[in-house]
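Listed below, chain by chain, are the residues.
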Amino acid sequence: AADLTASPSSFRVDEPLTPEKDVTNYNNFYEFGMGKGDPAANSGDFKPSPWTIKVDGMVAKPKEFGLDELMAMPLEERTYRMRCVEAWSMVVPWIGFPLASLIDKVEPLGSAKYVAFETVVRPEQMPGQSGYFQPLPWPYVEGLRLDEARHPLTILSVGLYGKTLPNQNGAPVRLVVPWKYGFKGIKSIVKITLTDKQPPTTWNLSAPNEYGFYANVNPAVDHPRWSQATENRIGEGGFFGGSRRNTLPFNGYAEEVASLYAGMDLAANF
Amino acid sequence: MASIPALPRKYHGASVWALYTLGFIPAVSAFYLGATGQLPGNAIKEFEHLLGIWALRFLIATLCITPIRDLLGVNWIRYRRALGLLAFWYVVMHFATYMILDKYLDFASIVTDIARRPFITIGMAGLVMLIPLALTSNNWSIRKLGPRWIRLHKLVYVIAAAGALHFAMSVKVVGPEQMIYIALVAALLVWRLLRSRFNQRRRERARPNFGAAR
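Residues numbered from 1 in each chain as written. Chains lettered and ligands numbered in written order. Predicted model: local features only at pLDDT ≥ 70, side-chain atom pairs only at ≥ 80, totals over all residues. Heavy atoms only, no water.

**Student:** Looking at this structure, how should I read the packing of aromatic side chains?
**Tutor:** Any pair of aromatic rings gets described here by the distance separating the centres and the angle formed by the planes. Residue and element names in this part refer to chain A. Per the counting criterion, the structure on display carries 23 aromatic pairs over all chains. Relative to Y211, the ring of F183 lies with its centre 5.5 Å away and its plane at 80°, an arrangement referred to as edge-to-face. One end of the pair, F183, is in the loop between β10 (174-176) and β11 (189-195); the other, Y211, is in the loop between α6 (202-206) and β12 (230-233), with 28 residues separating them in the sequence. In this structure F183 comes out as buried when scored by relative accessible area, which is 9%. (Phe/Tyr/Trp six-rings, centres within 6.5 Å; stacked < 30°, edge-to-face > 60°. Helix = DSSP H or I, 4+ residues; strand = E, 2+ residues; numbered from the N terminus. Buried < 20%, exposed > 50% of the residue type's maximum accessible area, 1.4 Å probe, protein only.)

**Student:** Even after reading the chapter, I still don't get unusual backbone geometry, so can you show me in this structure?
**Tutor:** Residues apart from glycine generally show negative phi values, whereas peptide bonds are mostly found in trans. Residue and element names in this part refer to chain A. Here the amide bond leading from S49 into P50 is cis, since omega sits at 0°, within 30 degrees of zero. Note on placement: P50 falls in the loop between α2 (38-42) and β2 (52-57). A cis amide bond links A171 to the next residue, P172, at an omega of -5°. Residue position: P172 is located in the loop between β9 (163-164) and β10. At A215, a residue that is not glycine, the phi angle is positive and equals roughly 55°.

**Student:** Is there a simple way to think about the UniProt feature "domain: Oxidoreductase molybdopterin-binding" (unreviewed entry) in chain A in this case?
**Tutor:** The UniProt feature table records "domain: Oxidoreductase molybdopterin-binding" (unreviewed entry) at residues 46-203 of chain A. Segment residues 46-203 of chain A splits into 12% helix and 37% strand. End C-alpha atoms: 23 Å apart. (UniProt positions renumbered as here; feature names shortened; annotations may be inferred.)

**Student:** I tried to follow the sheet that holds strand β3 (residues 63-66) of chain A on my own but got confused; where do I start?
**Tutor:** Within a sheet, neighbouring strands are paired by backbone hydrogen bonds and run either parallel or antiparallel to one another. All names here are of chain A. The sheet built from five strands is open, its strands ordered β3-β2-β11-β6-β7 with mixed pairing. Every interior strand has two partners, whereas the edge strands, β3 and β7 (141-145), have only one. Shown here is a sheet whose adjacent strand axes are inclined to one another by a mean of 20°, direction ignored. With four bridges joining them, β2 and β3 adopt antiparallel strand pairing. Bridged to T52 within β3 is G66. (Pairing = 2+ DSSP bridges. Axes fitted to C-alpha atoms, helices over the stretch in contact; angles between N-to-C directions.)

**Student:** Honestly, the interface of chain B and chain A in this entry has me stumped. Any pointers?
**Tutor:** Accessible area lost upon the coming together of the parts is a frequently used measure of interface size. With 28 residues of chain B at the contact, the number on the chain A side is 29 residues. Approximately 2200 Å² of surface area, both sides summed, lies buried where chain B meets chain A, with 59% of it carried by carbon and sulfur atoms. Of all residues in chain B, the largest losses of buried area upon contact with chain A belong to R117(B), K172(B) and V173(B), amounting jointly to 32% of the total for that side. Summed over the shared surface of chain B and chain A, the number is three salt bridges. The residue D102(B) makes a salt bridge to R244(A) at a minimum N-O spacing of 2.9 Å. Taken together, the connections running from chain B to chain A amount to eleven residue pairs in polar contact (both at pLDDT 80 or more). (Contact = heavy atoms within 4.5 Å. Buried area = accessible area lost by both parts, 1.4 Å probe. Salt bridge = Lys/Arg side-chain N within 4 Å of Asp/Glu carboxyl O. Polar contact = N/O pair within 3.5 Å; in protein donor to acceptor, adjacent residues only side chain to side chain.)

Shown next, in the form of C-alpha cells:
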C-alpha cells in the first residue's frame, strides 16, 4: 500500500481507532478464503492496478472510470465505526470520496431507484474463487437504494490509515456504508449499475432469513443465530478489556440516516 | 501387518497421565495468550472456538479407540476414559467461556440463546448428555452399573453427532472444515453398525473352515 494524502473531514467518531494490524488482518473477504486471517495471507497475488469501474444502467452518461480518475476525486479521511453482522466492530480511518459525487458524473435518469454493485471475478488471483469448494456464488453482488447511495455518509474508499487500500480490505476501491452491517461494504468493485429494481445481494441470496437487503445495524433485531444487542470491539486486548459494548441503532448514525426509513417496519425490512 | 510396538505395562499409568497433561495444553496456552492480549482479532471468540474444536476432536478420538482395535489390532482402551473426560472438560470450558467472557453472565440472554437458537440448543443438549457420562466414568460406577453402563455410554454417539452439527450450524457457510468433522463422526458411527459383521467375518477367515480351532 502506497502513501495517500487526504483532507481531514468532520466525519470522525470520537472513539479510539482500531489498531491498523487488526484492521488489515481480521477480515471477511471470502474471495480469499473463509478464515479471518485468510484475506491477509492469500491476497498477495492480487493485482489492484490497472483497474476500471464501469458505471452504467439508468444513466444519461455511462462511463468507465480508471483508477487515476478515482484517485483524483477530492479524497477525505473519515473515521467511521464498522459493525460486522457477526457482532464485532472496529473504528477505521477510511480515505475516500462520497459515492454521490461519482453517481452525479453519470447523470442518473429519473427512473433509477437502486444502485447495484459487483466485485471482480479473478479465480487465478483470488483463491476462494477457485477449487472444489466455493463458499458463495461469484461475483459478489450488493445493492443500495439510490437515496442511501447518495447519502453524504456513503463513500467509496480507496485507502485507510493514510495508505491505499490493502488487497485484503478491498483494493483498489470498495464501498463503505457506516450505518449498515459490514457485508454491505462490497470490495474490489468493477461495476456499478443504476436500476429501477431492487438488486439481488449475495448474502441475501445465500441465507434470506439471516441477511436482508437493508442490513441496517439494529440492536433490536437479532440475527436468527445470535443477538445483535451488543458487539465486541476488535483489538481492545485480551479477555478482560471490557470490550463488549452496546450496539447503537444505525450503528450510531441514527441522527443522519433514520429519516431514510421513516414509516418502514425495520423488523420486516432487516 | 506390521504392528505398533506395545507400550511396556509399567508405563501404562504414566502414559494416561501424560495424555491428560498434553490434552490440556491447547486450552492453557490459548488462555494465557488471550488473557495477556496476544490472541489476534476477536480474542474471546477465538478462545471459545478453539475450546469447541478441541472438544469435538477429543470426542472423535474417543470414538476412534474401537475401530483402531478392530482394524489395527491395537488396544488403546486405557486412553478412552481420558479422551472422553478431556472432551467433557473442553465442552465445559467452551460453555463457561461463552457464559462468562462472551455473554458477561447475562443469564436472560443466555437462556434466550439456548431456547431460541437451534445450534445453541443442540450444543447445550450435548453438554447436558455429557454430564452423566463424566459422572459415571469412574471404576466404581462401571462395576456398579454393569451392562447398564455400556448402554448409558452409547450416548456418546448422540453427543458426537450433536457436536459436529453444532459446529456446522454455527458458521455462516458450511465449509470443508465442518464437512470433515461431520464425515469423521458419520464414519465412526457407521462403523458401529458394521463392526460386528466385520469382526465375525474376520474370525471366520482366520479359522480353518473345518475342524474346530481349539
